[in-house]
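# Structural features, examined
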Amino acid sequence: MYFGALGAGFMLLEVALLQRFVLLLGHPVYSLTVTLFSLLLGTGLGSLLSRRVAAARVRRTALAALGAVAATSVVAVVALPVVIDHAIAWPLAMRLALATRC
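Residues numbered from 1 in each chain as written. Predicted model: local features only at pLDDT ≥ 70, side-chain atom pairs only at ≥ 80, totals over all residues. Heavy atoms only, no water.

### Observations regarding the packing of helix α2 (residues 28-50) against helix α4 (residues 92-101)
Quick note on the threshold: Orientation is described by axes fitted as lines to C-alpha atoms, over the contacting stretch for helices, and by angles from 0 to 180 degrees between their N-to-C directions. We count a stretch as a helix when DSSP gives it H or I for four or more residues in a row; a strand needs E for two or more, and each element gets its number in order from the N terminus. Throughout this description, any angle smaller than 35 degrees is read as roughly parallel, any larger than 145 degrees as roughly antiparallel, any in the 65 to 115 degree range as roughly perpendicular, and the remainder as oblique. Less than a right angle of anticlockwise turn of the near helix away from the far helix marks a crossing as left-handed, whereas a clockwise turn marks it as right-handed. Residue contacts are counted whenever heavy atoms from the two residues lie within 4.5 Å of one another.
Here α2 crosses α4 at 30°, and the two axes come no closer than 9 Å. Taken together, α2 and α4 sit at an angle that is classed as roughly parallel. Crossing angle aside, the handedness with which α2 passes α4 is right-handed. Contact residues: Y30, V34 and S38 in α2; L92, L96, A99 and T100 in α4.

Printed below as a string of structure tokens:
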């Protein structure tokens, strides 16, 4: 059940980002590449850093990470449409650089 919910949340986030970045980057292949790169890099770094958490602090660290993800998601929902509206006129190289930072 846990891993099913984790996978469903990951897929929902990925599809939402793909749709936003298609608008920004102008092509589905660019959107897929940037989204998968960013998500895989982020999950890989999270996996690497999770080994450094002491067993006694796992619960507190997990709650802090969950809060950070929730706060980032709320900011992204509010800020991403505004950023995309302003960045659509930029050259492709600048839009790609922006998308990998989001």
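And the narrative resumes.
### Quick look at the confidence of the model for the protein
Detailed reading of the predicted coordinates is not advisable wherever pLDDT falls low. Stated precisely, the cut-off is as follows: Values of pLDDT, ranging from 0 to 100, describe the predictor's confidence in every residue of the model.
Averaged over the protein, the pLDDT score is 86; the fraction of residues at 70 or greater is 99%. Looking across the protein, the model is least confident in α4, with a mean pLDDT of 83, and most confident in α2, with 88.

### Regarding α2
Threshold: Multiply 1.5 Å by the residue count of a helix minus one, and that product is the helix's expected span. The cut-offs for exposure are 20% and 50% of the maximum accessible area for each residue type, with area from a 1.4 Å probe on protein chains only; residues under the lower value are buried, those over the upper are exposed, and the others partly exposed.
With 23 residues, α2 extends 32 Å from end C-alpha to end C-alpha; this agrees with the ideal 33 Å at 1.5 Å per step. Within the span of α2, buried status applies to S31, V34, T35 and L39. Each element contacted by the buried residues of α2 is listed here: α1 (2-25) and α4.

### Topic: the environment of G42
With respect to the helices, strands and loops of the structure, G42 is situated in helix α2. For the pair formed by G42 and T72, sequence separation is 30 residues and the distance between their alpha carbons is 13 Å.

### As for α1
In a regular helix each residue adds 1.5 Å, so 24 residues correspond to 34 Å; α1 covers 34 Å between its end C-alpha atoms and thus fits that length. Among the residues of α1, E14, L18, F21, L24 and L25 are the ones counted as buried. Against the buried residues of α1 lie α2, α3 (58-87) and α4. After α1 finishes, the residue G26 shows a positive phi value of roughly 85°.

### Brief notes about the environment of V34
Mapped onto the secondary structure, V34 falls in helix α2. The buried category is assigned to V34, whose relative accessible area is 6%. Taking the C-alpha atoms as reference points, V34 and V15, 19 residues apart in sequence, are found 12 Å from one another. With near-sequence residues (within four places) excluded, V34 lies in contact with L25, L96, A99 and T100.

### Looking at the side chain of E14
Rules: We treat Lys and Arg as the positive residues and Asp and Glu as the negative residues; His and chain ends play no part in the count. Salt bridge, as used here: a side-chain nitrogen of Lys or Arg that lies within 4 Å of a carboxyl oxygen of Asp or Glu.
Along the chain, E14 falls in helix α1. The side chain of E14 is buried and forms no salt bridge, while R20, the nearest opposite charge, is found at 15 Å. Excluding its chain neighbours within four sequence positions, the residues that come into contact with E14 are T35, L36 and L39.

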